[in-house]
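Secondary and tertiary structure notes
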Amino acid sequence: MATKPKTDSGGTPGVRVIKKYPNRRLYDTDTSSYITLAEVKALVMDSEPFVVRDAKSNEDLTRSILLQIILEEETAGVPIFTEQVLANIIRFYGHSMQDFMGAYLEKNVQIFMDLQQKMAEQAGGGLNPEAWQQFMNVQSPMMQGMMGAYLEQSRTAFTQMQEQMQKNSEQMLAALGLKR
C-alpha cells in the first residue's frame, strides 16, 4: 500500500503537520496519533521538517512550541544561556539592532552547527557527550584549524552585519535628503 506524501496545509511537500488543540494536546497528522512535547523535540533532533498549527485557526504555532521546548530544556538541566546572555538578548527587543542581532545569531549558530558536523565526520560520527568533551579538549592541529575557521566565519558574519547596517544607515540618510 502506497503512503500519501506528507504536506502541510499550505501544500508544502515533505513537511509534517502537527495540530495543537485547545486542550494543549498535539496531534501528529502523519502518524494519526497524539504526541508529547518530548516527541516534538525528537523531530527537531532528527531534523524532521514539521509545522505546528492551531487546530481551529490554522495559525502557525511552530515558534511557540520551539520556545516551549527551549524553556523546558533551560529549566530542566544544564542551561545553555546564562542570565546575562538572556538579559542581553531581551535588551535587543524593540531596539534598532533587533533584526541584525537575530540574523547574526542565526548565522553564527549555523556556522557552529556546520563545524560540529565536520568534527563528527572527522571523528567517525557517533560520539557520546563524554567523547565529545575529550575530543574538544584535544589541542590538535585539526581542532585548532577547525576552531580558527569557525572564528573567521564568525568574524566575517559580524563584518557583513556591520556593512549591512552602514548601507541601511546611508539609505535612510539619503531618503531624508542627508548625506554623510
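Please refer to the structure higher up on the page.
Remember, it's a predicted structure, so these values are computed and weren't measured experimentally. (Residues numbered from 1 in each chain as written. Predicted model: local features only at pLDDT ≥ 70, side-chain atom pairs only at ≥ 80, totals over all residues. Heavy atoms only, no water.)

1. Side note on the nonpolar core
Applicable threshold: Put simply, buried Ala, Val, Leu, Ile, Met, Phe, Trp, Tyr and Cys residues joined by side-chain atoms within 4.5 Å make one nonpolar core. The buried label applies to any residue whose accessible area, calculated with a 1.4 Å probe on protein chains only, is under 20% of its type's maximum; exposed applies above 50%, and partly exposed to all values in between. Each helix is a run of H or I in the DSSP string that is no shorter than four residues. Each strand is a run of E no shorter than two, and both are numbered from the N terminus. By definition in these notes, contact holds between two residues if any of their heavy atoms fall within 4.5 Å.
Counting 11 residues, the largest nonpolar core is built from Ile18, Leu26, Ile35, Leu37, Val40, Leu43, Phe50, Val52, Leu61, Ile65 and Ile69. Among the elements that make up this core, the one with the highest residue count is helix α1 (residues 37–45) (3 residues). Leave out the neighbours within four places in its chain, and phenylalanine 50 touches Val15, Arg16, Ile18, Val40, Leu43, Val44, Thr62 and Leu66. Counting 6 residues, the second-largest nonpolar core is a separate cluster that includes Met97, Tyr104, Ile111 and Ala157.

2. Observations concerning the pattern of salt bridges
A side chain with one charge can pair with a side chain of the opposite charge if their charged atoms come near. Going by this rule: One side-chain nitrogen of Lys or Arg within 4 Å of one carboxyl oxygen of Asp or Glu is enough to make a salt bridge.
Enumeration according to the criterion identifies 4 salt bridges in this entry. In this structure, arginine 16 and aspartate 28 form a salt bridge, with 2.8 Å as the shortest nitrogen-oxygen distance. Pair noted here: arginine 16 is in strand β1 (residues 16–20) and aspartate 28 is in strand β2 (residues 26–28), with a separation of 12 residues, a long-range link. Given a relative accessible area of 12%, arginine 16 falls into the buried group. One salt bridge connects arginine 16 with glutamate 48, and the closest N-O pair in it is separated by 3.8 Å. With arginine 16 in strand β1 and glutamate 48 in the loop between α1 and β4 (50–54), this pair connects stretches of sequence that are 32 residues apart. On the accessibility criterion, glutamate 48 (22% relative accessible area) is partly exposed.

3. Considerations on the sheet that holds β2
Applied cut-off: When DSSP locates at least two bridges between a pair of strands, those strands are taken to pair. Fitted lines through C-alpha atoms serve as axes, helices being fitted only where they are in contact, and the angles separating the N-to-C directions of these axes extend from 0 to 180 degrees.
An order of β3-β2-β1-β4 is seen for the 4 strands of this open sheet, with the pairing classed as mixed. Looking at strand neighbours, the two that pair on one side only are β3 (33–35) and β4, the edges of this open sheet. In this sheet, adjacent strand axes meet at a mean angle of 35° when their direction is disregarded. As defined by bridge partners, β2 adjoins β3 across 3 bridges and the pair is classed as antiparallel. What sits directly across from leucine 26, in β3, is isoleucine 35. Each of β1, β2 and β4 is contacted by helix α2 (residues 62–76), which is oriented at about 110° to β4, the strand it contacts most.

4. Some points on the packing of aromatic side chains
Stated precisely, the cut-off is as follows: Two rings belonging to Phe, Tyr or Trp (six-membered ring only in the last case) form a pair when the distance between their centres is within 6.5 Å. Interplanar angles under 30 degrees mark stacking, angles over 60 mark edge-to-face geometry, and anything in between is tilted. Only lysine NZ and arginine CZ atoms are considered, and such an atom sits over a ring when it is within 6 Å of the ring centre and within 35 degrees of the ring normal.
Inspection of the entire model under this criterion finds 3 aromatic pairs. Seen in terms of ring centroids, tyrosine 21 and tyrosine 27 are 6.4 Å apart; in terms of plane orientation they differ by 75°. Their pairing is edge-to-face. Overall, the relative accessible area of 21% leaves tyrosine 27 in the partly exposed class. Taking NZ or CZ as reference, arginine 25 lies 3.8 Å from the ring centre of tyrosine 34, over its face.

5. A closer look at the packing of α1 against α2
Selection criterion: When describing relative orientation, an angle under 35 degrees is termed roughly parallel and one over 145 degrees roughly antiparallel, while 65 to 115 degrees is termed roughly perpendicular and anything else oblique. In this count, Pro and Cys sit with the nonpolar residues alongside Ala, Val, Leu, Ile, Met, Phe, Trp and Tyr, while Asp, Glu, Lys and Arg are called charged and the others, Gly among them, polar.
Contact geometry for α1 and α2: axes closest at 10 Å, N-to-C directions at 100°. By the criterion of interaxial angle, the relationship of α1 to α2 is roughly perpendicular. Of the residues in α2, those in contact with Leu37, Val40, Lys41 and Val44 of α1 are Ile65, Leu66, Gln68, Ile69, Glu72 and Glu73. Residues that form the contact of α1 with α2 fall into these classes: 6 nonpolar, 1 polar and 3 charged.

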